[in-house]
Amino acid sequence: MGKAHSDQRDRTLSLIRLLYQESDEDHPFTTQQIVQRLTQAGISVERKSIYRDLAAMNQHGFPVAYRRGAGWYAAGQPFTLAELQGVVDAVAVYRGLPSALREVLLEKLTALAPQPQRRRLCRPVALEPPRGEAPDRVRPVLDRIYAALQRQHALRFVPVTYNNQGTRCLGEACLVTPKGMLWSQERHQLLGWNHQTRKLTLYRPDRMHQVEVTDVPAQGPEADLSQWLAAPFGPDLRLQTTVCLRCRTGLAGEILDRWGREVTLVPVRDGFTVTAPAVLGPAFWGWLAAQGEKVTLLSPTWAVRVWEENYRPRGEWAATTWKDRAAL
């Protein structure tokens, strides 16, 4: 350690760094400990100068507090521990980040907390293998979508589809006014007004190619995004309906997780029935197929017919017809 000095700026800045990086309400520093730490850093200090610096910190936007019998601690951290934990949890599971960028962000977020709290920000979670386009290819598309929303201009892009052999195909370029971004089924979806069809349509950013923001002013009616997310199994207002399901005993938790506690479970023999809104798209049919005999679709009749003719797995359990089920 070099010769000690008493530069006031060094002393004050070192005190700010010490308290904001290493203290919290449960881990304060006594005045004597502050003197010792600054002395170890090569800064000559007296107790009365510490009190002046603490008062200056409170006056200039670095609030400190004193816990009687314990010591001083930083009282103006930009984030509480609970806030940082919430952000860390969100970043840890967000699919739109490449894994390397996710790790960098988690490190930087952890560094925002004082040292005693950082171990409580270690909250690892295992993620499923990524599907679809890589996040670093989707993020530029999201940037252009948000730019178009902010400028109130239309987007031009080429939609991507796949044929029955799984080969990637490009459609015809379309002009779309973005109305808002939705988050459903672990992915972004764009709700946009198609200038050619004059309809609101959902688009997946990972299936939008050659995206550019145009000079064409925004068109189309305002859209209530909440309506497109009001029912489980996907955000598509055109496929929303009300279904009645008969469920076996033991599925109450699954149903309440899907639809919330607002739905009513009506007890019947060996289980219950429930009437609730749903989007009758691939996610719903896949969920219904996975339940097997545990869930029976009772109505509407047209949906029962679609289920029986197109989606219901064939097997020993599927002996009843859609007419038999609708009559239950």
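Summarised in this report is the structure supplied together with it.

Reading guide: rules and limits
Residues numbered from 1 in each chain as written. Predicted model: local features only at pLDDT ≥ 70, side-chain atom pairs only at ≥ 80, totals over all residues. Heavy atoms only, no water. Helix = DSSP H or I, 4+ residues; strand = E, 2+ residues; numbered from the N terminus. Rg over C-alpha atoms; globule rule 2.2 N^0.38 Å. Buried < 20%, exposed > 50% of the residue type's maximum accessible area, 1.4 Å probe, protein only. Areas by Shrake-Rupley, 256 points an atom, 1.4 Å probe, with all protein chains shown as cover. Lys, Arg positive; Asp, Glu negative; His and termini not counted. Charge placed at Lys NZ, Arg CZ, Asp CG, Glu CD. Patch = residues over 30% accessible without salt bridge, like charges linked within 9 Å, V, L, I, M, F, W, Y side chains within 5 Å. Salt bridge = Lys/Arg side-chain N within 4 Å of Asp/Glu carboxyl O. Pairing = 2+ DSSP bridges. Axes fitted to C-alpha atoms, helices over the stretch in contact; angles between N-to-C directions. Contact = heavy atoms within 4.5 Å. Polar contact = N/O pair within 3.5 Å; in protein donor to acceptor, adjacent residues only side chain to side chain. Arc of directions from axis to C-beta.

Examining the overall build of the protein chain
(1) Moving on: Scanning the protein chain for helices and strands turns up 11 helices and 12 strands.
(2) Moving on: Relative to the compact-globule value of 20 Å for 328 residues, the protein chain shows a C-alpha radius of gyration of 29 Å, a clear excess of over 25%.
(3) Moving on: Each principal axis of the C-alpha atoms in the protein chain carries an extent, and together these give about 90 × 60 × 35 Å.
(4) Moving on: Counting every position in the protein chain, which comprises 328 residues, the buried fraction comes to 40%.
(5) Moving on: Of the roughly 19,400 Å² that the protein chain leaves accessible, carbon and sulfur atoms contribute 50%.
(6) Moving on: Charge-centre separation for the protein chain: the mean point of 42 positive side chains lies 1 Å from the mean point of 33 negative side chains.

Quick word on a nonpolar patch on the surface
(1) Moving on: A contiguous nonpolar patch, built from V93, V125 and L127 and spanning about 210 Å² of accessible area, is present on the exposed surface.
(2) Moving on: Secondary-structure assignment places V93 in helix α4 (residues 81-93).

Describing unusual backbone geometry
(1) Moving on: In the segment running from S299 into P300, the intervening peptide bond is cis, with an omega of 5°.
(2) Moving on: The backbone of R198 shows a phi angle near 60°, a positive value even though the residue is not glycine.
(3) Moving on: Positionally, R198 belongs in the loop between β6 (187-194) and β7 (199-203).
(4) Moving on: Here R198 falls in the partly exposed class, since its relative accessible area comes to 46%.
(5) Moving on: If you check the backbone angles, Q210 has positive phi at about 55° while not being a glycine.
(6) Moving on: Among the residues examined, Q210 registers a relative accessible area of 54% and is labelled exposed.

Section: the sheet that holds strand β10 (residues 265-268)
(1) Moving on: Strand order across the open sheet formed by 4 strands is β10-β11-β9-β12, with antiparallel pairing between neighbours. At either end of the open sheet lies a strand with only one pairing partner, and these are β10 and β12 (295-299). Strand-to-strand twist across the sheet, computed as the mean angle between neighbouring axes with direction ignored, equals 35°.
(2) Moving on: Lying on the sheet, helix α8 (residues 252-259) is in contact with β9 (240-248), β10 and β11 (271-279); it crosses β11 at an angle near 20°.

As for the side chain of D24
(1) Moving on: Within the element layout of this structure, D24 appears in the loop between α1 (8-22) and α2 (31-40).
(2) Moving on: An unpaired buried charge is present at D24: no salt bridge exists, and R120, the closest side chain of opposite charge, is 6.4 Å distant.
(3) Moving on: Within the structure, the side chain of D24 is placed 3.3 Å from the side chain of Q117, a separation counted as a polar contact.
(4) Moving on: Residues contacting D24, with those up to four places away along its chain left out, are Y73, P114, P116 and Q117.

Regarding helix α10 (residues 301-311)
What sets the pattern is the α-helix's 3.6 residues per turn: residues three or four places apart point alike.
(1) Moving on: Within the sequence span of α10, burial applies to A303, V304, W307 and E308. One face of α10 carries all of its buried residues, which in axial projection span an arc of 135°. Exposed side chains of α10 directed beyond 90 degrees from the buried face belong to E309 and N310.

Considerations on the pairing of β7
(1) Moving on: The element β7 is largely enclosed, with a buried count of 4 among its 5 residues.
(2) Moving on: Strand direction decides the pairing type here: β6 and β7, joined by 5 bridges, are antiparallel. Looking at β7, one finds that L190 is bridged to Y203.
(3) Moving on: From the end of β6 to the start of β7, which pair antiparallel, there are 4 residues, and R198 there has a positive phi angle of about 60°.

All we've got here are geometric facts, nothing functional implied.
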